[in-house]
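# Structure assessment
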Amino acid sequence: MGTKVKKMLFILSKATIENAYAAFVMANGARMEGIESEIFFTFFGLEAIQKKKLEHLKVATVGNPGMHIPTMLGGLPGMEALATKMMKKEMEKLDMPPIGEFLEILTDSGCKLWACKLAVDMFHLKEEDLIDDLDGILTIGDFYSRADQEGCQLLFI
């Protein structure tokens, strides 16, 4: 029998609806099981914690094998909006909270939310551009040091 999982660290690099919800559901599930969880938002994943962008995330229709449509069709005008609307409708049926509300649920459950310093600097963001519940802005080295314990798993989304 292996080591019991005590902590889950998620790295979110793309803020598509499907990636953000995947990270949020898994981080929330960890908390519900009594497992520590943290999410590190880097590169385009930062859009999920930017006040002006978090409620406008979209489904990736081009180059997304999960869509089961040809790439050419995914690039047609209106396809991304249609796919996004359909996914949001299905999520509402399952009582999935909107992104902003889900972030609040995560922080209330004890999940830590971190922004990547390199990406914040690269995109010329300021702390006030990001959600108020953010636990801080870390270098990747600082984030990795949070994984320095037995029973910790890193998952890149």
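This write-up is about the structure you can find in this document. This structure is a prediction, so every number in the text was calculated from the model and none was measured.

Rules behind the numbers
- Residues numbered from 1 in each chain as written.
- Predicted model: local features only at pLDDT ≥ 70, side-chain atom pairs only at ≥ 80, totals over all residues.
- Heavy atoms only, no water.
- Helix = DSSP H or I, 4+ residues; strand = E, 2+ residues; numbered from the N terminus.
- Buried < 20%, exposed > 50% of the residue type's maximum accessible area, 1.4 Å probe, protein only.
- Contact = heavy atoms within 4.5 Å.
- Phe/Tyr/Trp six-rings, centres within 6.5 Å; stacked < 30°, edge-to-face > 60°.
- Salt bridge = Lys/Arg side-chain N within 4 Å of Asp/Glu carboxyl O.

Once that is clear, we can look at the overall build of the protein chain. Broken down by element type, the protein chain carries 6 helices and 5 strands. Listing the helices and strands of the protein chain from first to last along the sequence gives β-α-β-α-α-α-β-α-β-α-β. Looking at the protein chain as a whole, 41% of its 157 residues qualify as buried. The contacts in the protein chain between residues at least 6 apart in sequence include a share of 73% that link residues at least 24 apart.

Below, the discussion takes up the packing of aromatic side chains. Tallying each qualifying case throughout the model produces 6 aromatic pairs. Between the aromatic rings of Phe24 and Phe41, the centroid separation amounts to 6.4 Å while the plane-to-plane angle is 70 degrees, which identifies the pairing as edge-to-face. You can see Phe24 sitting in helix α1 (residues 17-32) and its partner Phe41 sitting in strand β2 (residues 36-41), a full 17 residues away along the chain. With a relative accessible area of 0%, Phe41 lands in the buried category. Site record: aromatic cluster; members linked through ring pairs are Tyr21, Phe24, Phe41 and Phe102.

Below, the discussion takes up the environment of Asp108. Secondary-structure assignment places Asp108 in helix α4 (residues 99-109). Taking the C-alpha atoms as reference points, Asp108 and Asp133, 25 residues apart in sequence, are found 9.3 Å from one another.

So, on to the pattern of salt bridges. Taken as a whole and judged by the stated rule, the model has 5 salt bridges. With its nearest N and O atoms 2.7 Å apart, the salt bridge here joins Arg146 to Glu38. One end of the pair, Arg146, is in the loop between α6 (140-145) and β5 (152-156); the other, Glu38, is in strand β2, and 108 residues separate them in sequence. Accessibility expressed as a relative area gives 2% for Glu38, which makes it buried. Measuring nitrogen to oxygen at the nearest pair gives 3.1 Å for the salt bridge that ties Lys51 to Asp132.

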